[in-house]
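Breakdown of the fold
Each chain, letter by letter, is given below.
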Amino acid sequence: MSGITVIGGKSSDILAKKLAKKLNASFVSSEVKIFPDGESKITISAKPKGKVIVVNSTYPPVDSNLIQTLSLISKARQSARDVICVIPYMGYARQDREFLPGEIVTLSVIAKLLSSAGASKIIVVDMHSMLGAELFKIPIKNVSAVPELANYLKKLKLKNPIVISPDLGGKERAAEFAKFYGTDYIALKKQRDRKTGKVRIMTNNLDDVKGRDLVIVDDMISTGGSIVKATQFLKKQKCGKIVVACTHALLINNAEKKIKNAGVSAIFSANTIPGSTSLVDVSGIIAKAI
Ligand code: R5P
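Basis of the calculations
Residues numbered from 1 in each chain as written. Predicted model: local features only at pLDDT ≥ 70, side-chain atom pairs only at ≥ 80, totals over all residues. Heavy atoms only, no water. Helix = DSSP H or I, 4+ residues; strand = E, 2+ residues; numbered from the N terminus. Rg over C-alpha atoms; globule rule 2.2 N^0.38 Å. Buried < 20%, exposed > 50% of the residue type's maximum accessible area, 1.4 Å probe, protein only. Contact = heavy atoms within 4.5 Å. Areas by Shrake-Rupley, 256 points an atom, 1.4 Å probe, with all protein chains shown as cover. Lys, Arg positive; Asp, Glu negative; His and termini not counted. Charge placed at Lys NZ, Arg CZ, Asp CG, Glu CD. Pairing = 2+ DSSP bridges. Near = heavy atom within 4 Å. Polar contact = N/O pair within 3.5 Å; in protein donor to acceptor, adjacent residues only side chain to side chain. Nonpolar A, V, L, I, M, F, W, Y, C, P; charged D, E, K, R; others polar. Salt bridge = Lys/Arg side-chain N within 4 Å of Asp/Glu carboxyl O. Arc of directions from axis to C-beta. Axes fitted to C-alpha atoms, helices over the stretch in contact; angles between N-to-C directions. Parallel < 35°, antiparallel > 145°, perpendicular 65-115°, else oblique. Core = buried A, V, L, I, M, F, W, Y, C linked by side-chain atoms within 4.5 Å. Disulfide = S-S within 2.5 Å. Phe/Tyr/Trp six-rings, centres within 6.5 Å; stacked < 30°, edge-to-face > 60°. Lys NZ or Arg CZ within 6 Å of the ring centre and 35° of its normal.

Bringing the overall build of the protein chain into the picture now. Helices and strands together make up the secondary structure of the protein chain, namely nine helices and 16 strands. In summary, the protein chain has a C-alpha radius of gyration of 20 Å against a globular reference of 19 Å for 290 residues, a match within 12%. Based on the C-alpha atoms only, the size of the protein chain along its principal axes is roughly 60 × 45 × 35 Å. Looking at the protein chain as a whole, 51% of its 290 residues qualify as buried. In the protein chain, the proportion of contacts linking residues at least 24 apart, taken out of those at least 6 apart, comes to 61%. For the protein chain, the accessible area works out to roughly 14000 Å², and carbon and sulfur atoms hold 51% of it. In the protein chain, which carries 44 positive and 24 negative side-chain charges, the distance between the mean positions of the two groups comes to 4 Å.

Below is the structure:
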C-alpha cells in the first residue's frame, strides 16, 4: 500500500473505489442514515491511515451531500494533516457571481466551508466556470473530462461529426473536444431568462450542419432545457444524427426522455454523477491529477 487512504462518500462510492485501486490506496467506505427530519448520520468503516483523499460529489440532494462531504473531511482531518477532497461534480458551481442584485454567491460560502472543515486541496472535474475557482482560498485543481468523452465518441462511429456548444460560454470546451476528436466546432448563441430560467437559441440559420452528424457538448445537463432547445433548432437546419456528450448528467425531471423525444439518439456522460448515461470513467484522470 502507498500510505494513502481513499474515503468513499456515499454519492461517489463506485468512483472512489476505482480511484483507490488506481492509486494502490486503502479504501474506507461510508454509511449514511437519513433521519426522518432529513439529517444525515455518517459512519466510516475504518480509521483512515496515511494521506487521506475524500471523494464525494454534491449532486441532488445537494445540501445533504454537501454536509456529508464536509463531515467526511472533518473526520479525515482528525488523523491526517493533509486532506485532499475530490468533488467530481461540484454543486452550486453555477452560483459563482451575482447575476441579479441581491443574489448571494453561494459557491463562495461553500469554498469557506470546505476549507474550514479541513480540506487542504480540492479537485473537481469540469467545474462550471473557472471564475468559481477564484473564490477558493485553498488550491483547487480542475480536471477536464473532455479527452475521455471525445475518446468515447469514437466508439459511436458517427460520419464526419461536427461539435456544437449550445452556448457561447461553452465555446472553449467545444473547441477542446473538436481538437481531441479531430474535427470542427460551432457555438450557438443561447439566452437564459434569469428570472424564469427559460432558454432561447438566438442563432439564425446554420448551413454548416446540413446533412452532418452532430455532437452537442456541454459541461452539464440539469433539466435538459438547453439541449432540447439546441436540438430543436439543429433539427430545423436539416442535420444528420445528434448525440449529446456532457460531463455531469443530473437529468432532473425526466430530462433524458425529453432530450430523446426532441430527437437525440444517444447521451453519454462521465461517472462524476452515476446514472443511466454515465458511461465514461474519470477515475484515471483524477488519479493523474493527484
Ligand atoms: C449553462 O451555462 C450550462 O453550461 C448548462 O448548459 C446548463 O446549466 C444546463 O441546464 P439545463 O439542462 O437546465 O438547461
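Picking up after the structure, the text goes on.
This part is about the pairing of strand β1 (residues 4-8). For β1, a buried count of five out of five residues is recorded, marking the element as mostly surrounded by other parts of the structure. Of the two faces of β1, the one holding Ile4, Val6 and Gly8 and the one holding Thr5 and Ile7 are both buried throughout. Alignment of β1 against strand β2 (residues 26-28), held across three bridges, turns out to be parallel. Of the residues in β2, the one forming a bridge with Thr5 is Ser26.

Inspection of the region around the ligand gives 14 residues, with Asp218, Asp219, Thr223, Gly224 and Ser226 positioned closest. Asp219 has a polar side-chain atom sitting 2.5 Å from an oxygen atom of the ligand. Computed on the free molecule, the ligand has an accessible area of 380 Å², of which 89% lies beneath the protein chains in the complex. No other element matches the four residues that strand β13 (residues 214-221) contributes to the shell around the ligand. Residue composition of the shell around the ligand, by class: two nonpolar, six polar and six charged.

Turning to its location among the elements, Gly284 is positioned in helix α9 (residues 283-289). Counting along the chain gives 114 residues from Gly284 to Gly170, while the straight-line C-alpha distance between them is 24 Å.

In total, this model carries nine salt bridges according to the counting rule given. Asp184 is the partner of Arg212 in a salt bridge, and the nearest nitrogen-oxygen pair spans 3.0 Å. Taken together, the residues Arg212 in the loop between β12 (199-201) and β13 and Asp184 in the loop between α6 (171-181) and β10 (185-187) connect sequence positions 28 residues apart. On the accessibility criterion, Arg212 (15% relative accessible area) is buried.

It is worth spelling out helix α5 (residues 146-154) at this point. Taken residue by residue, α5 has Val146, Leu149, Ala150, Tyr152 and Leu153 as its buried positions. Down the axis of α5, the buried side of the element spans an arc of 155 degrees, and every buried residue falls inside it. On its buried side, α5 packs onto α6, β13, β14 (242-249), β15 (266-270) and β16 (278-280).

All right, on to the packing of helix α7 (residues 225-236) against helix α8 (residues 255-262) then. Think of two packed helices as two axes; the pair is described by the angle between the axes and how far apart they sit. Their axes nearest at 9 Å, the elements α7 and α8 cross at an angle of 5 degrees. Considering the angle they form, α7 stands roughly parallel to α8. Each of Ile227, Val228, Thr231 and Lys235 in α7 lies in contact with α8, whose residues at this interface are Lys258, Ile259 and Ala262. Of the residues contributing to the contact of α7 with α8, the split by class is four nonpolar, one polar and two charged.

Grouped together as the largest cluster of nonpolar side chains are 39 residues, with contacts concentrated most on Val6, Ile53, Leu153, Phe177, Val215 and Phe268. The contacts of Ile53, once residues within four sequence positions are left out, are Ile4, Thr5, Val6, Ile7, Leu19, Leu23, Ile84, Val86 and Ile290. Val52, Leu66, Ile110 and Ala117 belong to the second largest nonpolar core, which has 27 residues in total.

All right, on to the state of the cysteines then. What the rule picks out here adds up to zero disulfides. The closest cysteine sulfur to the non-disulfide-bonded Cys239 is located on Cys246, 18 Å from its own sulfur.

Attention shifts here to the packing of aromatic side chains. The geometry of an aromatic ring pair is captured by two quantities: the separation of the ring centres and the angle between the planes. For the coordinates displayed, the defined rule picks out one aromatic pair. Summarising the aromatic geometry, the rings of Tyr152 and Phe268 are spaced 4.8 Å apart at their centres and angled 40 degrees between planes, so their arrangement reads as tilted. Of this pair, Tyr152 sits in helix α5 while Phe268 sits in strand β15, placing them 116 residues apart in sequence. Of the residues examined, Phe268 reaches a relative accessible area of 1% and is grouped as buried. Over the ring of Phe180 we find Lys179; its NZ or CZ atom is 5.8 Å from the centre of that ring. In this arrangement the basic side chain of Arg194 is found over the ring face of Phe99, its NZ or CZ atom lying 3.9 Å from the centre.

Read these as spatial facts, not as claims about activity.
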